[in-house]
Amino acid sequence: MERSIEPSLTAPGSTRELLRLAWPLILSNSIWMVQIILDRILLSRASLASLAAGFSSAMLFWAFLILFQFTANYATTFVAQYTGAGRPERVGPVVWQAIWFSLVVGVAFQILQPLAGWIVALCGHATELQGLETAYFRCLCMSALPTLVSAAATSFFTGRGDSRTVLLINVTGLAVNALVAAVLIFGLWGFPALGIVGAGLATVLGTGTSAILALLLMLQAHYRKTHATASGWRFDRELFGRLMRFGVPNGVFAALDVLGYTIFLQLIGRLGEVDLIVTTIAFTLNLVVYFPMMGIGQAVEVLVGQRLGEDRPDLAERTTWRGLQLALAYASAGALAYVLFPETLAGLFHGSHDGELWEPIRTRVPVLLRFVAVYSLFDTMNVLFSNALRGAGDTRFVTWAALLLSWPVMIVPTWAALEYGWDLYWAWAFASGYIILLALTFWFRFHQGKWRSMRVIEAS
């Protein structure tokens, strides 16, 4: 017989429950966002070419890595459903399957280092940009292993709802990243000024710090006893296969999403340096809304997983809608700022050495921020509904939706527009259309309710 739920601020499915889990994730994502924006601002002080190259090569790197990162991190949903089902002894083993996957892939990822110049050259950017992009890409490749291990290990805490520990892990790594970046980019305290290479090396040290800390915290004595975080280290073929069956589509979805925007960015780069810089600034400012919103989405994914583990899809649905309300309120405030203060926001990237190059940038950024203001509201639906569906295990639909929509709606029209001499704003219109259509697709899938009967864990 289904239990009745009395609405209250502290009840399961309430806004307070969601915020209790979400606020450390929001803060953690916000710190990531501040660090990324700060890196971009620091690089813009070195040169606007470094700013454009840093963003472009970072997108290339994530297009390769994010498939594996989101596959490893999908252990979060397994942990959430095992926790909801009252089976903590299965948590450690599934996290270790993700760690083994991360170790193998992280080492194999280094194959891309000697190929960096060839990969960057495919984008067809200016020679100066290619040199900077190649150097930064090689540094980022070294961060792949710790990034993947950290994604796997933090799933232990996120899936159980211990988001404060995740915040501690991320803040520690980001503090190291920020300090080393400031020192190495500009050559402080007697160190050489390495510019964009310094930013890349800072990323390696920061992610390495997070990975080591996450593993040490996961292997504490009480977790070894209650969640088998030490005894569950062995490779489990059946459990690993199930993690891959649900996790790989989750990774493919993320990879397709990043790949779509990476191709979009590389196409924009062919228009010229100014258009690439303008797009980089607009995308970077969009992170102010996107990253904190991701924190709410991650909390929704965890709570949906836990409630389905408890066989309470009613609470999972309630949590999703309340998460959407919170995210929309935040995104609306951000959209208002994009419309009212575009030149002030763009001015954060204005260096004293920019000269005449800055004038066309100053006039174009406000136009792109109007696009961002509109599509960020629909991107809220993307984040919330896709996370809810992934929390249930509906990863294949999410993947197919991204695959079937990104190319015909965004990538191919953008390529055609550039081939026929249309301007930058047409390309942004196609990108905005893709985000809006994807949001409506995820909403419809969630509304259908097939996710209610889905599970990723085995029956007890």
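Note that the structure is a prediction, hence the values are computed from the model and not measured.

About the criteria used
Residues numbered from 1 in each chain as written. Predicted model: local features only at pLDDT ≥ 70, side-chain atom pairs only at ≥ 80, totals over all residues. Heavy atoms only, no water. Helix = DSSP H or I, 4+ residues; strand = E, 2+ residues; numbered from the N terminus. Contact = heavy atoms within 4.5 Å. Patch = residues over 30% accessible without salt bridge, like charges linked within 9 Å, V, L, I, M, F, W, Y side chains within 5 Å. Areas by Shrake-Rupley, 256 points an atom, 1.4 Å probe, with all protein chains shown as cover. Salt bridge = Lys/Arg side-chain N within 4 Å of Asp/Glu carboxyl O. Phe/Tyr/Trp six-rings, centres within 6.5 Å; stacked < 30°, edge-to-face > 60°. Buried < 20%, exposed > 50% of the residue type's maximum accessible area, 1.4 Å probe, protein only. Disulfide = S-S within 2.5 Å. Core = buried A, V, L, I, M, F, W, Y, C linked by side-chain atoms within 4.5 Å. Axes fitted to C-alpha atoms, helices over the stretch in contact; angles between N-to-C directions. Left-handed = near helix turned anticlockwise from the far one by under 90°. Nonpolar A, V, L, I, M, F, W, Y, C, P; charged D, E, K, R; others polar. Expected span 1.5 Å × (residues − 1). Bend = angle between axes of the 7 residues up to and from the residue.

Describing the environment of Ile 457
Tracing the backbone through its elements, the reader meets Ile 457 in the segment after α17 (424-448). Expressed as a C-alpha distance, the spacing of Ile 457 and Gly 309, which sit 148 residues apart in the sequence, is 8.3 Å. Setting aside its immediate chain neighbours within four residues, Ile 457 contacts Phe 78, Gln 81, Tyr 82, Ala 85 and Arg 242.

Some remarks on a nonpolar patch on the surface
A cluster of nonpolar side chains, Leu 259, Trp 400, Leu 403, Leu 404, Trp 407, Val 412 and Trp 415, forms an exposed patch at the surface whose accessible area comes to about 690 Å². Of all the elements, helix α16 (residues 395-419) adds the most residues to the nonpolar patch, at six residues. With respect to the element layout, Trp 407 can be found in helix α16.

Points about the packing of aromatic side chains
Within this structure, the stated rule accounts for 26 aromatic pairs. On the numbers, 4.7 Å between centres and 45 degrees between planes, the contact of Trp 422 with Trp 426 is tilted. Judged by relative accessible area, Trp 422 falls into the partly exposed class, the value being 38%. Looking at Trp 426, the relative accessible area reads 44%, which means it is partly exposed. What links up through ring pairs into an aromatic cluster is the set Tyr 261, Phe 264, Phe 283, Phe 371, Tyr 375, Trp 428 and Tyr 434.

Remarks on the state of the cysteines
On inspection of all chains with the given rule, the structure shows zero disulfides. Cys 139 provides the cysteine sulfur closest to Cys 141, a residue in no disulfide bond, and the two sulfurs are 9.2 Å apart.

Focus on the nonpolar core
In terms of nonpolar packing, the biggest core is built from 124 residues, with Phe 78 and Trp 428 touching the most fellow members. When residues of this core are assigned to their parent elements, the largest contribution, 18 residues, is made by helix α12 (residues 273-309). Excluding residues within four positions of it along the chain, Trp 428 makes contact with Phe 264, Thr 279, Ala 282, Phe 283, Leu 368, Phe 371, Val 372 and Tyr 375. In terms of nonpolar packing, the next biggest core, distinct from the first, is built from five residues, Ala 63, Ile 66, Ala 254 and Val 258 among them.

Some words on the packing of helix α7 (residues 144-160) against helix α9 (residues 196-218)
Between α7 and α9, whose axes approach to 8 Å, the crossing angle comes to 35 degrees. When the axes of α7 and α9 are compared, the crossing they make is left-handed. Between α7 and α9, the residues in contact are Pro 146, Thr 147, Val 149, Ser 150, Ala 153, Thr 154, Phe 156 and Phe 157 and Thr 207, Gly 208, Ser 210, Ala 211, Ala 214, Leu 215, Leu 217 and Met 218, respectively. Of the residues contributing to the contact of α7 with α9, the split by class is 10 nonpolar, six polar and no charged.

Let's talk about α16
An ideal rise of 1.5 Å per residue puts 36 Å on 25 residues; α16 measures up with 35 Å between its terminal C-alpha atoms. Approximately 45 degrees is the largest bend angle found in α16, and it occurs at Ser 406, with the proline Pro 408 only one to four residues beyond. Once α16 ends, the next one or two residues include Gly 421, with phi positive near 80 degrees.

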